[in-house]
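# Examining the three-dimensional arrangement
Single-letter residue listing:
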Amino acid sequence: STEAENMKKLELACIERCDATVVVSESEILSLKDLVTDGRVFYCPLIMEPQSSECSPKARRDLVFVGGFKHSPNVDAITYFVKHVMPLIRKKGHDIKLFVVGAAAPPEVKNLECDDIIVMGHVQNLNKFLSDKRVSVTPLRFGAGVKGKIASAMSAGLPTVATSTAIDGMGLSNNKNILISDDPENFAEH
């Protein structure tokens, strides 16, 4: 698209003007390999310290989605999840709530709120908020790059279910350190 091409040109122009560019995933290094050839791009992986929690795994409850809503993939992801995955979870008869965390929720996200979906907005202490949640969901259908939402959930010891798009550039493996599904039924099962 024209917007994507314009963004690419802008980003490459910024890289050319800088002394160094730091990226947080190996896939970003590979993407830039043929575009920036002077060796000024450096890889520094996103590292988050593990967080401790007083809450035992058995005492944890509910689902959480984290994402700033000025970023359109997050709006699409939570709307998709609520329309296509949450009904399948409800059908199983589980008493599970979904907490939607993130600043700048537009009306289409706020309007998803109901008895079992709570739109929180921004939370001051994300680590504390995540400490008693059972599963983090990251149903992104487009976008790229390392996701802070996944890194935050994993550092909180929170099992995460994500789409293949959501794990882009993170070096994660299905059934090893994350559960991955692009299918609503399988996502709900996870």
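To be clear, the structure that these remarks concern was listed above.
Rules of the game
Residues numbered from 1 in each chain as written. Predicted model: local features only at pLDDT ≥ 70, side-chain atom pairs only at ≥ 80, totals over all residues. Heavy atoms only, no water. Helix = DSSP H or I, 4+ residues; strand = E, 2+ residues; numbered from the N terminus. Buried < 20%, exposed > 50% of the residue type's maximum accessible area, 1.4 Å probe, protein only. Patch = residues over 30% accessible without salt bridge, like charges linked within 9 Å, V, L, I, M, F, W, Y side chains within 5 Å. Areas by Shrake-Rupley, 256 points an atom, 1.4 Å probe, with all protein chains shown as cover. Salt bridge = Lys/Arg side-chain N within 4 Å of Asp/Glu carboxyl O. Phe/Tyr/Trp six-rings, centres within 6.5 Å; stacked < 30°, edge-to-face > 60°. Lys NZ or Arg CZ within 6 Å of the ring centre and 35° of its normal. Pairing = 2+ DSSP bridges. Right-handed = clockwise from strand over helix to strand, strands pointing away. 1 Å grid on protein atoms, 1.4 Å probe; cavity = no way out; pocket = protein on both sides within 12 Å on 5 of 7 lines; lining within 4 Å. Points joined across faces, edges and corners; volume = space filled by probe spheres on them. Nonpolar A, V, L, I, M, F, W, Y, C, P; charged D, E, K, R; others polar. Core = buried A, V, L, I, M, F, W, Y, C linked by side-chain atoms within 4.5 Å. Contact = heavy atoms within 4.5 Å.

A word on the environment of Ile15. Note on placement: Ile15 falls in helix H1 (residues 2-17). On the basis of relative accessible area, Ile15 is assigned to the buried category, the value being 10%. Sequence separation of Ile15 and Val123 is 108 residues, and the distance between their C-alpha atoms is 33 Å.

This next bit is on a nonpolar patch on the surface. A cluster of nonpolar residues, Val24, Leu46 and Met48, forms a patch on the protein surface that exposes about 220 Å² of accessible area. Tracing the backbone through its elements, the reader meets Val24 in the loop between strand S1 (21-23) and helix H2 (26-32). Val24 sits in the partly exposed class, given a relative accessible area of 31%.

Summed over all chains, the structure comprises 3 aromatic pairs. For the ring pair Phe99 and Phe129, a centre distance of 5.8 Å and an interplane angle of 75° mean the geometry is edge-to-face. Taken together, the residues Phe99 in strand S4 (residues 98-101) and Phe129 in helix H5 (residues 126-130) connect sequence positions 30 residues apart. Overall, the relative accessible area of 14% leaves Phe99 in the buried class. Directly above the ring of Phe99 sits Lys133, whose terminal nitrogen or CZ lies 4.8 Å from the centroid. Between Lys133 and the ring centre of Phe129, over which it is positioned, the NZ or CZ distance is 4.1 Å.

On to the pattern of salt bridges. Here the structure, examined in full by the defined rule, presents 8 salt bridges. Between Asp76 and Arg141 there is a salt bridge, with the nearest N and O atoms lying 2.7 Å from each other. Placement of the pair is Asp76 in helix H3 (residues 72-91) and Arg141 in the loop between strand S6 (133-138) and helix H6 (148-155), with a sequence separation of 65 residues. Here Arg141 falls in the partly exposed class, since its relative accessible area comes to 45%. By sharing partners, the salt bridges in this structure join Glu16, Asp38 and Arg40 into a single network.

One non-glycine residue, Asp62, lies in positive phi territory at about 75°. Residue placement: Asp62 occurs in strand S3 (residues 61-66). A positive phi angle, close to 65°, is found at Asn175, a residue other than glycine. Here Asn175 shows up in the loop between strand S7 (160-162) and strand S8 (179-180). Judged by its relative accessible area of 61%, Asn175 falls in the exposed class.

A regular strand carries its side chains on alternate faces of the sheet. Among the 6 residues of S3, 5 are classified as buried, and the element is accordingly described as predominantly covered. Looking at chain direction, S3 and S4 are connected through 4 bridges and run parallel. Bridge pairing in S4 places Leu63 opposite Leu98. At this point the chain moves from S3, through H3, to the parallel S4, and the crossover so formed is right-handed.

Looking at the largest pocket, its volume works out to about 770 Å³. Around the largest pocket, the lining comprises 26 residues; the ones closest to its centre are Glu11, Glu28, Gly143, Ala144 and Gly145. Elements with a contribution of two residues or more to the lining of the largest pocket: H1, S1, H2 and H3. Here the lining of the largest pocket is built from residues that sort into 12 nonpolar, 8 polar and 6 charged.

Before going further, it helps to spend a moment on the nonpolar core. By size, the foremost hydrophobic cluster in this structure holds 32 residues, and its most contacted members are Phe65, Phe69, Ile78, Phe81, Leu98, Val100 and Val109. Among the secondary structure elements, those contributing two or more residues to this core are S3, H3, S4, strand S5 (117-121), S6, S7 and helix H7 (184-189). The element contributing the most residues to this core is H3, with 9 residues. Filtering out sequence-adjacent residues up to four positions away, Phe65 remains in contact with Asn74, Ala77, Ile78, Leu98, Phe99, Val100, Val101, Val137 and Pro139. Listed in part, the 11 residues of the second largest apolar core include Val64, Ile118, Ala153 and Ala156.

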